[in-house]
Every structure is written in C-alpha cells, then in structure tokens.
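Report on the structure
Listed below are the residues making up each chain.
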Amino acid sequence: MENIDVLMSSPVNPYLEQELDKRFNLIRLWNYPQKQEFFKNHSDSIRGVVNNPWYPADRDFIDSLPALEIVSSYSVGLDHVDLGYCKEKGVKVTNTPDVLTEDVADLAIGLMLTTLRGISECDRYVRSGLWKKGDFKLTTKVSVSLFSSTFDSSHYMISREFVCIQ
C-alpha cells in the first residue's frame, strides 16, 4: 500500500488521529515551530490536509501544497476553505455536516429552560446565602404535557411531549 502524506493542522479527537495515523503518514503541523521551513521541505509530498477553522485553507495555503488532492475539514462550516479555488485546482473538499445538530438543539432547550426558569440566577442566590433572607422571585413557567395512549394487544406505550411556554 502506498504511503500517503497527510497534513493535520491542529490536534483533533485522539481516536480520529490514531485512525488516520494507521492509514496514512500523518504529519502533525503543530510539531513544527518553523512553518516556513516545514513547507519548504515537505510541501511536495502532502496530498491531503485535515484542518479546522483555526488553520484556514486559503489560496496561499493551497498553492503551498502542489500535490494537494483533498482538504478534509474537521468542522461543520467551510468558511475557512477557499472553495472556489479548490474547485479551480481540482482539490476535493469534505466536512462534517450535521455532526452537532442534535447536540446544539439539546443545548438550545437547556439554555431556554435556564433562561426562563432563572436557573443560573437561582444558583447564585442559593450559593450566596440569600435564601436565608427571603424567597427568590418567581420566574417564567415552562409546562410539559404528556399525551399517551396504550394499545391493549401489545402493551406498548406511545408518548408525545409538548412544551408550552406561558
């Protein structure tokens, strides 16, 4: 199997890094403090790049790697990759779309509850000992209604949750 040089611009998930290391000659850019010297000595052999928004694949970066075939962005967005120039040069581009969609939705619900119910403010109130001097102010109510129906033959319950903000 051919040994392909892949440049990783910054550390990523350790598991991903190990898997890439098994399959390619993984070059960790952060191990080279002299970037210009590194590119002068290694740029001709690098065929793939794993990057993120903190190390953009702009025109100059792409031009510095004449053998570049693919930019794999370890992020959802591609704002840090010059897509037009990659297309012009025949460099393929990949990313990780929707990898965080559900997690972001979970956090949005958590932030909504925290804000409406004043959880952070309540926490500070209790930790500071103010609860000894009086009640905390009322907050916005968040109601959850459960609607369910049971099928007698299968004993499976089907539930739907509806969140209403009052």
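See the structure above.
My aim in this report is to walk through the structure given alongside it, one point at a time.

Cut-offs and rules
Residues numbered from 1 in each chain as written. Predicted model: local features only at pLDDT ≥ 70, side-chain atom pairs only at ≥ 80, totals over all residues. Heavy atoms only, no water. Phe/Tyr/Trp six-rings, centres within 6.5 Å; stacked < 30°, edge-to-face > 60°. Buried < 20%, exposed > 50% of the residue type's maximum accessible area, 1.4 Å probe, protein only. Helix = DSSP H or I, 4+ residues; strand = E, 2+ residues; numbered from the N terminus. Pairing = 2+ DSSP bridges. Contact = heavy atoms within 4.5 Å. Axes fitted to C-alpha atoms, helices over the stretch in contact; angles between N-to-C directions. Polar contact = N/O pair within 3.5 Å; in protein donor to acceptor, adjacent residues only side chain to side chain.

With respect to the packing of aromatic side chains
Evaluated as defined, the whole model comprises 5 aromatic pairs. An angle of 80° between the planes, with centres 5.3 Å apart, marks the rings of Phe38 and Phe39 as edge-to-face. In terms of burial, Phe38 and Phe39 fall into one category: buried. Between Phe39 and Phe61, the ring centres sit 6.0 Å apart and the planes meet at 85°, which makes this aromatic pair edge-to-face. Highlighted residues: Phe39 in helix 2 (residues 35–42) and Phe61 in helix 3 (residues 59–63), separated in sequence by 22 residues.

Topic: the pairing of strand 3 (residues 46–51)
By the criterion of burial, strand 3 is predominantly enclosed, with 5 of the 6 residues buried. Both strand 1 (residues 5–8) and strand 3 contribute to a ladder of 4 bridges, which runs parallel. Residue Val6 lies in a different strand from strand 3, and its bridge partner there is Gly48. Summarising the sheet, strand 3 and strand 4 (residues 70–73) pair through 4 bridges and their orientation is parallel. Directly across from Asn51, in strand 4, lies its bridge partner Ser73.

Focus: the environment of Glu17
Note that Glu17 resides in helix 1 (residues 14–23). Classification of Glu17 as buried rests on a relative accessible area of 14%. A sequence separation of 33 residues divides Glu17 from Val50, and the C-alpha atoms of the two residues are 9.9 Å apart. Beyond its immediate sequence surroundings of up to four residues, Glu17 is in contact with Met8, Pro11, Val12, Leu26, Arg28 and Trp30.

A word on the environment of Asp135
Assignment of secondary structure puts Asp135 in the loop between helix 6 (119–127) and strand 6 (142–150). Considering only alpha carbons, one finds Asp135 and Tyr125, 10 residues apart in sequence, at a separation of 9.6 Å.

Let's talk about the sheet that holds strand 4
Read across the open sheet, the 5 strands follow the order 2-1-3-4-5; overall the sheet is parallel. Each of the sheet's edge strands pairs with one partner strand only, and the pair in question is strand 2 (25–28) and strand 5 (92–94). For this sheet the average axis-to-axis angle between neighbouring strands, irrespective of direction, equals 20°. Pairing analysis gives 4 bridges linking strand 1 to strand 2, with the strands arranged parallel.

Thoughts on the side chain of Ser73
Within the element layout of this structure, Ser73 appears in strand 4. The class for Ser73 is buried, based on a relative accessible area of 1%. A polar atom in the side chain of Ser73 sits 2.8 Å from the side chain of His80. The residues contacting Ser73, other than those within four sequence positions of it, are Asn51, Leu78, His80, Thr94, Asn95 and Thr96.

Side note on the side chain of Asn52
Looking at the element boundaries, Asn52 is found in the loop between strand 3 and helix 3. Polar contacts involving the side chain of Asn52 include one to the side chain of Ser10, which spans 2.5 Å. Contacts of Asn52, omitting those with residues within four sequence positions, involve Ser9, Ser10, Tyr74 and His80.

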